[in-house]
Amino acid sequence: QQQVRQSPQSLTVWEGETAILNCSYEDSTFNYFPWYQQFPGEGPALLISIRSVSDKKEDGRFTIFFNKREKKLSLHITDSQPGDSATYFCAASDPGYNKLTFGKGTVLLVSP
Amino acid sequence: EAAVTQSPRNKVAVTGGKVTLSCNQTNNHNNMYWYRQDTGHGLRLIHYSYGAGSTEKGDIPDGYKASRPSQENFSLILELATPSQTSVYFCASGEDWGDTQYFGPGTRLLVL
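Because the structure is a prediction, the values reported are computed rather than measured.

Caption draft 1: A look at the pairing of strand E11 (residues 107-111) of chain B. Residues and elements named next belong to chain B. Burial along E11 is one-sided: Thr 107, Leu 109 and Val 111 are buried, while Arg 108 and Leu 110, pointing the other way, are not. In the sheet, strand E2 (residues 10-13) pairs with E11 via four bridges, with the strands oriented parallel. Note on E11: the bridge partner recorded for Lys 11 is Leu 109. Across three bridges, strand E9 (residues 87-94) lies against E11 in antiparallel orientation. Of the residues in E11, the one forming a bridge with Val 88 is Arg 108.

Structure, rendered in structure tokens:
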């Protein structure tokens, strides 16, 4: 059973455009949602995260929008740059458990 | 900055052979994790640990054992390697309560 789903599987945008990556989850006890960025040949690295008490988290060009009622969140990357080309993973955890459940990832390509 | 290292970085093994993947962290984190990453599956948790001497089963533990002899070291052991275990394996360490996890660079394992 896949508890965290991501869409699309892959996305191509032009440099300067806004990329929107989607994530949804099933377990209503999830309360922490990090997004990880992974470049080829490297391990994933935390990009930005949000807790369920908030509906928006912004860090530079990266913004998470969170809808608790619909169990959905999205990552917006504004003014996309070729260096943003990577795989992005949405993950979730619930209180009391020291582990994350990851989605399958979205491969983002930013064309110059 | 968080530091997680893995060895070896690449490994070729034969079916039925024993494989040990090693992970070392200098973050003094209590929690450590082993994931495998396969195309179409994202990151899947194999085993994790809350501290020296403890190991817990993750979502796909079959065919794998884990060992946590110290705070710094966490090993993944394939007693009888199979071709289906060909994958990229990532180790991570994390703070308590499942928040940020810091990943190593990965080990690419090929089982022939």
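Next comes the rest of the description.
Caption draft 2: Highlighting the sheet that holds strand E3 (residues 19-25) of chain B. All names here are of chain B. Spatially, E1-E3-E8-E7 is the arrangement adopted by the four strands of the open sheet, whose pairing is antiparallel. Single-partner strands in this sheet number two, and they are strand E1 (4-7) and strand E7 (65-67). The average angle at which neighbouring strand axes cross in this sheet is 20°, direction not considered. As defined by bridge partners, E1 adjoins E3 across four bridges and the pair is classed as antiparallel.

Caption draft 3: Expanded view of the interface of chain B and chain A. Taken together, the contacts link 24 residues of chain B with 19 residues of chain A. Taken together, both faces of the contact between chain B and chain A bury some 1,700 Å²; the carbon and sulfur share is 51%. Across the contact surface, chain B and chain A share one salt bridge. Between Lys 99 of chain A and Asp 59 of chain B there is a salt bridge, with the nearest N and O atoms lying 3.8 Å from each other. Seen at the junction of chain B and chain A, the total is three residue pairs in polar contact (both at pLDDT 80 or more). Here the side of chain B that touches chain A is built from residues that sort into ten nonpolar, nine polar and five charged.

Caption draft 4: Main features of the sheet that holds strand E7 (residues 62-67) of chain A. Residues and elements named next belong to chain A. Read from one edge of the open sheet, five strands run E1-E3-E8-E7-E6, paired in antiparallel fashion. In this open sheet, the two edge strands, each paired with only one partner strand, are strand E1 (4-7) and strand E6 (56-59). Each strand axis lies, on average, 15° off the axis of its neighbour in the sheet, ignoring direction.

Caption draft 5: Local environment of the packing of aromatic side chains. One pass over the structure, following the stated rule, counts 16 aromatic pairs over all chains. Aromatic pair Tyr 25 of chain A and Phe 33 of chain A: ring centres 4.8 Å apart, planes at 40°, arrangement tilted. Taking the relative accessible area as the measure of exposure, Phe 33 of chain A reaches 0% and is therefore buried. Ring geometry for Phe 90 of chain B versus Phe 103 of chain B: centroids 6.5 Å apart, planes at 80°, classification edge-to-face. Placement of Phe 90 of chain B in strand E9 and of Phe 103 of chain B in strand E10 (residues 101-103) is noted, with a sequence separation of 13 residues between them. Each of the two residues, Phe 90 of chain B as well as Phe 103 of chain B, counts as buried.

Caption draft 6: Region of interest: the side chain of His 76 of chain A. Residue and element names in this part refer to chain A. Mapped onto the elements of the fold, His 76 is located in strand E8 (residues 72-77). At a separation of 3.2 Å, a polar atom in the side chain of His 76 contacts the side chain of Ser 74. Once you skip the residues sitting within four places of it in the chain, His 76 turns out to touch Thr 18, Ala 19, Ile 20, Arg 61, Phe 62, Thr 63 and Phe 65.

Caption draft 7: Looking closely at a nonpolar patch on the surface. All names here are of chain B. Residues Val 12, Leu 110 and Leu 112 make up a contiguous nonpolar surface patch of roughly 290 Å² in combined accessible area. Looking at where Leu 112 falls in the secondary structure, it is placed in the segment after E11. Judged by relative accessible area, which is 59%, Leu 112 ranks as exposed.

The rules behind each value
Residues numbered from 1 in each chain as written. Chains lettered and ligands numbered in written order. Predicted model: local features only at pLDDT ≥ 70, side-chain atom pairs only at ≥ 80, totals over all residues. Heavy atoms only, no water. Buried < 20%, exposed > 50% of the residue type's maximum accessible area, 1.4 Å probe, protein only. Helix = DSSP H or I, 4+ residues; strand = E, 2+ residues; numbered from the N terminus. Pairing = 2+ DSSP bridges. Axes fitted to C-alpha atoms, helices over the stretch in contact; angles between N-to-C directions. Contact = heavy atoms within 4.5 Å. Buried area = accessible area lost by both parts, 1.4 Å probe. Salt bridge = Lys/Arg side-chain N within 4 Å of Asp/Glu carboxyl O. Polar contact = N/O pair within 3.5 Å; in protein donor to acceptor, adjacent residues only side chain to side chain. Nonpolar A, V, L, I, M, F, W, Y, C, P; charged D, E, K, R; others polar. Phe/Tyr/Trp six-rings, centres within 6.5 Å; stacked < 30°, edge-to-face > 60°. Patch = residues over 30% accessible without salt bridge, like charges linked within 9 Å, V, L, I, M, F, W, Y side chains within 5 Å. Areas by Shrake-Rupley, 256 points an atom, 1.4 Å probe, with all protein chains shown as cover.

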